[in-house]
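Spelled out from the first residue to the last, the chains are:
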Amino acid sequence: MAVEHATGTPAPAPGDQTRIHNIGYRNYDGPRLGRAYARRSLYSQSLRGSYGLGRSVKSKVLPMLLFVVMCVPAAIMVAVAVATKANALPLDYTRYAIVMQAVISLYVASQAPQSVSRDLRFKTVPLYFSRPIETADYVRAKFAALASALFVLTAAPLLVLYVGALLAKLDFADQTKGFAQGLVSVALLSLLFAGIGLVIASFTPRRGFGIAAVIAVLTITYGAVSTLQAIADAQGSGDAVPWIGLFSPITIIDGVQSAFLGATSASPSGVGPDNAEGVVYVLVALGLIAASYGLLMRRYKKVGL
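Fair warning: this is a prediction, and the values are worked out from it, not measured in the lab.

What to know about helix H6 (residues 135-167)
Now for step 1: Its 33 residues give H6 an end-to-end C-alpha distance of 47 Å, which sits within 8% of 48 Å, the value for a rise of 1.5 Å per residue.
Now for step 2: For H6, the principal kink sits at Ala 155 and spans about 30 degrees; a proline, Pro 157, occurs within the next four residues.
Now for step 3: Phi for Lys 169, located one or two positions after H6, is positive at around 60 degrees.

Shown next as structure tokens:
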């Protein structure tokens, strides 16, 4: 016969180790913020992480250093323009990112794997998808975050140039037009480079492999295309130069801005694509951005299982 405690509840049978403990869990009865909030939170966290914010001091060193490296030449140009009372800036707004493309490529190579490779390595992607967030939310948040970080990196020196040009009392209309053209160019560059970097990084959980692969794709293609363009120009095949430029991300951006944004081409011949060829450049750039998004969606539908 079971023995009862003073409270009237039966005492556990001898040898029965079953216990029920009240450890204070309570049902959540607050507001359910849903997918939109989760997507915004992931975007914010990823954007902050692209500059090491909220992470260790070691994680801040490289992105902040690259940001400074991007802005210092612009500050020097401004100082020279103000001191010499020049009639124009030493470098056009649309040319700045092309000249600094090595720094931009290094930033993408370091931050694209940081954004997605760790989630793959520590197998946290299925945890994201166990909540209201879906594959499209994850991809959009990561894509938008890296593109935004790249836009900050590339637009900040243009802002320095613009403010310096106004301080140097250069023509307001010309400088505003050039600044706007530069912003359009780096916005397209940010989307293109972010998409390519994330696609490459999403296929390896090893951050080192991702860094090496992104650097190889962005720098080797640029070197190869520039070399082929120089050879074609030296052999009198100038008509082939614009079409060769379609095989490197940075020369695609150069072709778009040369055709439609009043920029001077960085090709060896100094002649960019005409308007018809420029349309092809725009379509290729937009196609690569769309393809990058599609590949990321396909990749994370498999990873999230």
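After presenting the structure, the write-up continues.
Focus: the side chain of Asp 119
Now for step 1: By the secondary structure assignment, Asp 119 is in helix H4 (residues 101-121).
Now for step 2: Residue Asp 119 is classed as buried on the basis of its relative accessible area, which comes to 10%.
Now for step 3: A distance of 2.6 Å separates a polar atom in the side chain of Asp 119 from a polar atom in the side chain of Tyr 138.
Now for step 4: Asp 119 has contacts with Thr 124, Val 125, Tyr 128, Tyr 138 and Lys 142, leaving out every residue within four places of it along the chain.

Some words on the nonpolar core
Now for step 1: Of all hydrophobic cores here, the largest spans 69 residues; its most connected members are Tyr 93, Tyr 96, Leu 150, Leu 161, Phe 193 and Tyr 300.
Now for step 2: Tallying contributions element by element places H6 first for this core, with 15 residues.
Now for step 3: The contact partners of Leu 161, leaving out residues within four places of it in the chain, are Ala 74, Met 77, Val 78, Leu 89, Tyr 93 and Tyr 96.

Here we look at the pattern of salt bridges
Now for step 1: All told, the structure shown has four salt bridges when counted by the stated rule.
Now for step 2: In this structure, the salt-bridge partner of Glu 134 is Arg 35, at a minimum N-O distance of 3.8 Å. In this pair, Glu 134 sits in the loop between helix H5 (125-129) and H6 while Arg 35 sits in helix H1 (residues 34-49), placing the two residues 99 residues apart along the sequence.
Now for step 3: Residue Arg 35 is classed as partly exposed on the basis of its relative accessible area of 32%.
Now for step 4: Asp 137 is paired through a salt bridge with Arg 39; the nearest N and O atoms lie 2.5 Å apart. Placement of Asp 137 in helix H6 and of Arg 39 in helix H1 is noted, with a sequence separation of 98 residues between them.
Now for step 5: Taking the relative accessible area as the measure of exposure, Arg 39 reaches 27% and is therefore partly exposed.
Now for step 6: Through salt bridges that share partners, Arg 35, Arg 39, Glu 134 and Asp 137 make up one connected network.

Some thoughts on the confidence of the model for the protein
Now for step 1: For the protein, the mean per-residue pLDDT works out to 89, and 90% of the residues sit at or above 70.
Now for step 2: Mean pLDDT values over the elements of the protein span from 73, in H5, up to 97, in helix H7 (residues 172-201).

The rules we used
- Residues numbered from 1 in each chain as written.
- Predicted model: local features only at pLDDT ≥ 70, side-chain atom pairs only at ≥ 80, totals over all residues.
- Heavy atoms only, no water.
- Helix = DSSP H or I, 4+ residues; strand = E, 2+ residues; numbered from the N terminus.
- Expected span 1.5 Å × (residues − 1).
- Bend = angle between axes of the 7 residues up to and from the residue.
- Buried < 20%, exposed > 50% of the residue type's maximum accessible area, 1.4 Å probe, protein only.
- Polar contact = N/O pair within 3.5 Å; in protein donor to acceptor, adjacent residues only side chain to side chain.
- Contact = heavy atoms within 4.5 Å.
- Core = buried A, V, L, I, M, F, W, Y, C linked by side-chain atoms within 4.5 Å.
- Salt bridge = Lys/Arg side-chain N within 4 Å of Asp/Glu carboxyl O.
- pLDDT = per-residue confidence, 0-100.

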